[in-house]
Number of protein chains: 2
Amino acid sequence: MFTIKDRVTLLSRKVSVETSTRRERQRAETAAEIKAAARKLLVEGGASAVGLRAVARELGLSAPALYRYFASHEDLMAALVTELYDELTAYLVARRDTSEDLGEQLFLVAGGLRDWALAHPAEFGLLFGAPVPNPLAEDHDLTPSHQAAMRFGAVFEQLVVQVYRQRPFPGPPEELLGPELVGQLGRKPEIFGEMPPGAVYLALTYWTRLYGLICMEVFGQLHWALDDAGAYFEAQLREIGEALGLDCPPA
Amino acid sequence: MFTIKDRVTLLSRKVSVETSTRRERQRAETAAEIKAAARKLLVEGGASAVGLRAVARELGLSAPALYRYFASHEDLMAALVTELYDELTAYLVARRDTSEDLGEQLFLVAGGLRDWALAHPAEFGLLFGAPVPNPLAEDHDLTPSHQAAMRFGAVFEQLVVQVYRQRPFPGPPEELLGPELVGQLGRKPEIFGEMPPGAVYLALTYWTRLYGLICMEVFGQLHWALDDAGAYFEAQLREIGEALGLDCPPA
DNA sequence: GTTAACAGTTAACGGTGTTCACCATAAAGG
DNA sequence: CCTTTATGGTGAACACCGTTAACTGTTAAC
């Protein structure tokens, strides 16, 4: 179980004071170069193409040298995932802050996620296409990549909560959701604050539909029906926005 | 471009006459054993655990022996994917034929897909979690696994079309979708028959939301909000069914 | 009954992640 | 300033991987 305090410390990006000695700076720079090379191989040849030897070859090093920076190939990938999550989060936040209106921000963030996914399909596949990444069970402690994923999710969560606070949207009545679902929907006040179950349901719907849309498009599972899913995506987004009580721009 | 005739021949499962000589039967049986061993390794250790040598070890063979049955490791995986698609399709069809009512069938098939995915998460990940499987472009010819995937999709497509024919659902008005999207939605008559763009939009919505829901749940990306997504899934399904003009069972 | 195809073997090549022993250099300490 | 120590690098080696080649029995076919 996580307390609210845990969440707060977790969601604030660490901006350490950086008492960087000369060595530490060099070390961090090399680690960054390694991750950059790994990413280059990822976009060029897919996840299977990013191997330790290939990365080392990319920067003129020997494979065992990388073990001074990452404990294993899996660790390298996890670090890359963390970096990508943070890059995506920063991109979404920057895009969100383009507007002051919370409703517009919701559209900006959704469209931003799609744009990033389409611009970086390999990276997106690494972040979101991995089958069964983690159970997030009690015993499993939070790895840095998990924390980065939560920071990413928090962008959407916070925004939805803010939108609700500004102009509460009703959501379906509780008798339509059923008691079991209503119970579960009210079980996360540290995320959804004072939102009633119906509103939480709508927020989850927003996220679920957005995820499904983008995954299907970037994974190429929509080609059989649409040659350009852009218009479809916008229509779906308007539909969701309407359910959230936002004034949606016309087609 | 595919003609309607192509689709018909493609979507009918081949039930070859099987003029099986002794050798051919033995050969087919061994190939089946290989695929079974590969699947066992898949569910036990994920996609990365199913290697040629491991499969061979599983049945007391040498690795090169498998090359008498599959041209490469990739071919083995493709054959496994084909088999899994067909198994899933057969499961859905059997479940669908439990009821005569088309509306109920739509719910049965949707719930069946979720149940199969939850019962076989590794297999589901292999089928639907693969990033960017294929562009389905003109030059790329249809591999058996693609054909199996299309047979799978056809179960949903045919059902939606039948539901529409029995009781047409309106869908959003065209001026709400925009001319660009309306144009794309009317471009696949070989799939959606005489359905108007709004209805095709709803059919796509049905599939997109279903896919997103199941992917998120089986990939563990819903644990942060819900401990058991079953009730949420059913509520979402009711919502979609309502949009399709079906009488949905209460919670 | 001869012949040819088939199903399997072992050996080997290049590739992978990883560990080990070793070595140079750069920082730290008396 | 010199010594010590930690750091970042190396090549060799292990076990595994997918794949190919050469070879050997068995089995079906003419």
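Conventions we followed
- Residues numbered from 1 in each chain as written.
- Chains lettered and ligands numbered in written order.
- Predicted model: local features only at pLDDT ≥ 70, side-chain atom pairs only at ≥ 80, totals over all residues.
- Helix = DSSP H or I, 4+ residues; strand = E, 2+ residues; numbered from the N terminus.
- Buried ≥ 20, exposed ≤ 12 C-beta atoms within 10 Å, placed from the backbone.
- Contact = placed C-beta atoms within 7 Å.
- Least-squares fit on C-alpha atoms with pLDDT ≥ 70 in both.
- Near = placed C-beta within 6 Å.
- Nonpolar A, V, L, I, M, F, W, Y, C, P; charged D, E, K, R; others polar.
- Domains from an automatic or database assignment.
- pLDDT = per-residue confidence, 0-100.
- Expected span 1.5 Å × (residues − 1).
- Core = buried A, V, L, I, M, F, W, Y, C linked by C-beta atoms within 7 Å.
- Axes fitted to C-alpha atoms, helices over the stretch in contact; angles between N-to-C directions.
- Parallel < 35°, antiparallel > 145°, perpendicular 65-115°, else oblique.
- Left-handed = near helix turned anticlockwise from the far one by under 90°.

Caption draft 1: The overall build of chain A, seen in detail. Of regular secondary structure, chain A possesses 12 helices and 0 strands. By the burial criterion, 39% of the 251 residues in chain A qualify as buried. Looking at chain A alone, contacts between residues at least 24 apart form 65% of all its contacts between residues at least 6 apart.

Caption draft 2: Structural detail: the relation of the copies chain A and chain B. For the match of chain A to chain B, the screw axis carries a shift of 0.0 Å, the RMSD comes to 0.1 Å, and the turn is 180°. Those values place the two copies in the arrangement expected of a two-fold rotation axis. When each C-alpha of chain A is compared by its distance to the rotation axis, A:Gly212 comes out closest, at 1.8 Å. Interface overlap between copies is the fraction of interface residues in one copy that are interface residues in the other; for chain A against chain B it reaches 100%, indicating a shared surface.

Caption draft 3: Structural context of the protein's contact with DNA strand C. Residues in close proximity to DNA strand C total 21 residues, the closest being A:Gly51, A:Leu52, A:His73, B:Ser62 and B:Ala65. Secondary structure elements with two or more residues in the surface near DNA strand C: helix H2 (22-45), helix H3 (52-58) and helix H4 (73-96) of chain A together with helix H2 (22-45) of chain B. Grouping the constituent residues of the surface near DNA strand C by class yields 8 nonpolar, 6 polar and 7 charged.

Caption draft 4: View of helix H6 (residues 121-128) of chain B. All names here are of chain B. Summarising burial for H6: 7 of the 8 residues are buried, a large majority. Within H6, the full set of buried residues consists of Ala122, Glu123, Phe124, Gly125, Leu126, Leu127 and Phe128. Here the buried face of H6 lies against H2, helix H4 (73-96), helix H5 (102-119) and helix H11 (197-218).

Caption draft 5: Broad picture of the protein's contact with DNA strand D. Near DNA strand D lie 21 residues; those nearest to it are A:Ser62, B:Gly51, B:Leu52, B:Pro64 and B:His73. Counting only elements with at least two residues in the surface near DNA strand D, the list comes to H2 of chain A together with H2, helix H3 (52-58) and H4 of chain B.

Caption draft 6: Up close: the domain arrangement of chain A. All names here are of chain A. Split by domain assignment, chain A resolves into domain 1 (20-70) and domain 2 (73-251). Relative to domain 2, the C-alpha centre of domain 1 lies at a distance of 31 Å. Listed by partner, the interface residues are 9 residues for domain 1 and 9 residues for domain 2. With 5 residues, the single largest contributor to the side of domain 1 that touches domain 2 is H2. Taken together, the residues of the side of domain 1 that touches domain 2 break down into 6 nonpolar, 1 polar and 2 charged.

Caption draft 7: How the structure looks around the interface of chain A and chain B. Facing 39 residues of chain A, the contacting portion of chain B comprises 39 residues. For the side of chain A that touches chain B, the secondary structure elements donating two or more residues are helix H6 (121-128), helix H8 (174-177), helix H9 (179-185), helix H11 (197-218) and helix H12 (230-243) of chain A. Counting residues per element, the side of chain A that touches chain B draws most heavily on H11(A), at 9 residues. Split into classes, the residues belonging to the side of chain A that touches chain B amount to 22 nonpolar, 12 polar and 5 charged.

Caption draft 8: The confidence of the model for chain A, seen in detail. Of all residues in chain A, 87% have pLDDT values of 70 or greater, and the mean over the chain is 90. The secondary structure element of chain A with the lowest average pLDDT is helix H1 (residues 4-11) of chain A, at 50, and the one with the highest is H4(A), at 98.

Caption draft 9: Quick look at helix H5 (residues 102-119) of chain A. Residue and element names in this part refer to chain A. A rise of 1.5 Å per residue sets the reference length of H5, with its 18 residues, at 26 Å; its end C-alpha atoms lie 25 Å apart and thus fit the reference within 8%. Those residues of H5 that fall on the buried side of the exposure criterion are Gln105, Leu106, Phe107, Val109, Ala110, Gly112, Leu113, Arg114, Trp116 and Ala117. Residues of H5 that are buried make contact with H4, H6, helix H7 (144-166), H11 and H12.

Caption draft 10: Spotlight on the nonpolar core. With 142 residues, the main nonpolar core has A:Ala203 and B:Ala203 as its most contacted residues. For B:Ala203, the residues in contact, after removing those within four places along its chain, are B:Val160 and B:Phe192.

Caption draft 11: Structural view of the packing of H5(A) against H7(A). All names here are of chain A. Put simply, H5 and H7 touch, their axes get as near as 9 Å, and they point 155° apart. Classed by the angle they form, the pair H5 and H7 counts as roughly antiparallel. For the element pair H5 and H7, the recorded crossing hand is left-handed. Touching Leu102, Gly103, Gln105, Leu106 and Val109 of H5 are Val155, Phe156, Leu159, Gln162, Val163 and Gln166, all from H7. For the contact of H5 with H7, a count of residues per class yields 7 nonpolar, 4 polar and no charged.

Caption draft 12: Region of interest: the environment of A:Arg95. When you line up the elements, A:Arg95 lands in helix H4. With residues up to four places along the chain from it excluded, the contact list for A:Arg95 reads A:Leu108, A:Val109 and A:Gly112.

Caption draft 13: Quick look at the packing of H4(B) against H5(B). Residues and elements named next belong to chain B. Axis separation between H4 and H5 bottoms out at 8 Å; the angle between their running directions is 140°. Between H4 and H5 the crossing geometry is right-handed. In this structure, H4 uses Leu88, Tyr91, Leu92, Arg95 and Arg96 to contact H5, whose residues at the interface are Gln105, Leu108, Val109, Gly112, Leu113 and Trp116. Grouping the constituent residues of the contact of H4 with H5 by class yields 7 nonpolar, 2 polar and 2 charged.

Caption draft 14: Just the environment of B:Arg114, in detail. Residue and element names in this part refer to chain B. Inspection of the secondary structure assignment puts arginine 114 in helix H5. Between the C-alpha atom of arginine 114 and that of glutamate 217, which follows or precedes it by 103 residues, the distance is 8.9 Å. When neighbours within four sequence positions are excluded, arginine 114 is seen to be in contact with Ile214 and Phe233.

Caption draft 15: Representation of the environment of A:Thr82 in the model. Residues and elements named next belong to chain A. Assignment of secondary structure puts threonine 82 in helix H4. On a C-alpha basis, the gap between threonine 82 and threonine 143 in space is 9.4 Å, while along the polypeptide they are 61 residues apart. Setting aside anything within four residues of it in sequence, one finds threonine 82 in contact with Pro144, Ser145 and Ala148.

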